[in-house]
Amino acid sequence: MATGRTHRPATRSRGIPEATVARLPLYLRALTALSERSVPTVSSEELASAAGVNSAKLRKDFSYLGSYGTRGVGYDVEYLVYQISRELGLTQDWPVVIVGIGNLGAALAGYGGFASRGFRVAALIDADPAMTGKPVAGIPVQHSDDLEKIISEDGVSIGVIATPAGVAQQVCDRLVAAGVTSILNFAPTVLSVPDGVDVRKVDLSIELQILAFHEQRKAGEEPGAEAGEGAETAVVPPAARAAEDTSRKGPDGDMPAVMPA
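What you are looking at is a predicted structure, and each value in this text was computed from that prediction instead of being measured.

### A word on the overall build of the protein chain
Summing up its helical and strand segments, the protein chain has 10 helices and 9 strands in all. In the protein chain, which comprises 261 residues, the proportion classed as buried is 34%. Across the protein chain, every contact between residues at least 6 apart in sequence was considered, and the portion connecting residues at least 24 apart equals 56%. Carbon and sulfur atoms provide 55% of the accessible area of the protein chain, an area that totals close to 15600 Å².

Shown next, in the form of structure tokens:
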């Protein structure tokens, strides 16, 4: 079986835009669900809806893969599953190391989606000596002193960092020096890497903050709709807004629209 170190995806050399690459997993997820239901073909509109994009964008993305579908029939589901999997490099074996086996690292170790998508958890690594040898998701944890040896022996090119922020850069530097060229970072910090090393950051707190923003807007606490586009406005808490409204009332009730000079 091919290993991650000797076979790399050809997406960049073929000129596929990064935005398209980022959407390929969405298409693959939707197609896999169709395949599991034994659906033979799917239209661009149906697949785009399942993936959460518009059909024009989907057809443009697929044009980079050389797949245009058949007019009046649609796309062959099994063919596209294979084609996108191959483009993403998922038809190969990708050994992965997870560094930092706390609650998050342990949860990642037990995630069944890795194996089904071509990723093999080759090693779990932690700096705590008390963790050494402890099985997590059926894999014994190894000490961080052996990180370089593990990466070399298993031909690892993808590393997952699930450590506290304070040590994430140090771990990143060691991974890169040992030959890792792709990193998935769960630590709440920005990593500095040399050219040729790809980093994908997953920050759960940022995602929650974005959701909080949308929840606030749904609750009607967003800045006033009358503000001009691009204007900077402050979100005022309801209690403060009520106090402000009261302070702006004159002796006869609401403050007049035009105040006398």
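### Quick word on the pattern of salt bridges
Taken as a whole, this structure holds 6 salt bridges when the rule is applied. Here arginine 23 ties to aspartate 61 by a salt bridge, and the two come within 2.7 Å at their closest N and O atoms. One end of the pair, arginine 23, is in helix 1 (residues 18–36); the other, aspartate 61, is in helix 3 (residues 55–65), with 38 residues separating them in the sequence. You can call arginine 23 buried: its relative accessible area is 17%. Among the residues examined, aspartate 61 registers a relative accessible area of 1% and is labelled buried. Here lysine 218 makes a salt bridge to glutamate 215, at a shortest N to O gap of 2.7 Å. Taken together, the residues lysine 218 and glutamate 215, both in helix 9 (residues 204–218) and 3 residues apart, mark about one turn of the helix.

### Digging into the packing of helix 1 against helix 4 (residues 77–88)
The N-to-C vectors of helix 1 and helix 4 enclose an angle of 145 degrees; their axes lie 9 Å apart at closest approach. Crossing of helix 1 over helix 4 shows left-handed handedness. Of the residues in helix 4, those in contact with Val21, Leu24, Pro25, Tyr27, Leu28, Leu31, Thr32, Leu34 and Ser35 of helix 1 are Val77, Glu78, Leu80, Val81, Ile84, Ser85, Glu87 and Leu88. In the contact of helix 1 with helix 4, the residues fall into 12 nonpolar, 3 polar and 2 charged.

### So, the pairing of strand 8 (residues 182–185)
In the sheet, strand 7 (residues 158–161) pairs with strand 8 via 4 bridges, with the strands oriented parallel. The residue bridging glycine 159 from the neighbouring strand is isoleucine 183, located in strand 8. Between the parallel pair strand 7 and strand 8, the chain is carried across by helix 8 (residues 165–177), and the sense of this crossover is right-handed. Here strand 8 pairs with strand 9 (residues 198–201) via 4 bridges, running parallel. Along strand 9, the bridge assignment pairs asparagine 185 with lysine 201.

### Quick look at the pairing of strand 3 (residues 94–99)
Here is the key point about a regular strand: its side chains alternate between the two faces of the sheet. Judged by how many residues are buried, strand 3 sits mostly within the fold: 6 of 6 residues are covered. A two-sided burial pattern is seen for strand 3, the buried positions comprising Trp94, Val96 and Ile98 on one face and Pro95, Val97 and Val99 on the other. Bridge count between strand 3 and strand 7: 4 bridges; the pairing is parallel. Across the sheet, the residue bridging to valine 96 is isoleucine 158, located in strand 7.

### Quick look at the layout of surface pockets
Its boundaries defined by the atoms lining it, the largest pocket holds a volume of some 1800 Å³. Listing elements by their share of the lining of the largest pocket, those giving two or more residues are helix 1, helix 4, strand 3, helix 6 (113–116), strand 4 (119–126), strand 7, strand 8 and strand 9. In terms of residue count, helix 1 provides more of the lining of the largest pocket than any other element does, 10 residues in total. When grouped by side-chain class, the residues that make up the lining of the largest pocket number 24 nonpolar, 10 polar and 10 charged. Roughly 280 Å³ of volume is contained in the second largest pocket. Every residue lining the second largest pocket is counted, 21 residues in all, and those nearest its centre are Val99, Ala127, Thr163, Val167 and Val171. Of all the secondary structure elements, the ones that give two or more residues to the lining of the second largest pocket are helix 5 (103–109), strand 4 and helix 8. Ranked by the residues each element gives to the lining of the second largest pocket, the list is headed by helix 8, at 4 residues.

Basis of the calculations
- Residues numbered from 1 in each chain as written.
- Predicted model: local features only at pLDDT ≥ 70, side-chain atom pairs only at ≥ 80, totals over all residues.
- Heavy atoms only, no water.
- Helix = DSSP H or I, 4+ residues; strand = E, 2+ residues; numbered from the N terminus.
- Buried < 20%, exposed > 50% of the residue type's maximum accessible area, 1.4 Å probe, protein only.
- Contact = heavy atoms within 4.5 Å.
- Areas by Shrake-Rupley, 256 points an atom, 1.4 Å probe, with all protein chains shown as cover.
- Salt bridge = Lys/Arg side-chain N within 4 Å of Asp/Glu carboxyl O.
- Axes fitted to C-alpha atoms, helices over the stretch in contact; angles between N-to-C directions.
- Left-handed = near helix turned anticlockwise from the far one by under 90°.
- Nonpolar A, V, L, I, M, F, W, Y, C, P; charged D, E, K, R; others polar.
- Pairing = 2+ DSSP bridges.
- Right-handed = clockwise from strand over helix to strand, strands pointing away.
- 1 Å grid on protein atoms, 1.4 Å probe; cavity = no way out; pocket = protein on both sides within 12 Å on 5 of 7 lines; lining within 4 Å.
- Points joined across faces, edges and corners; volume = space filled by probe spheres on them.

In short, the description is geometric, and any link to function would need to be established separately.
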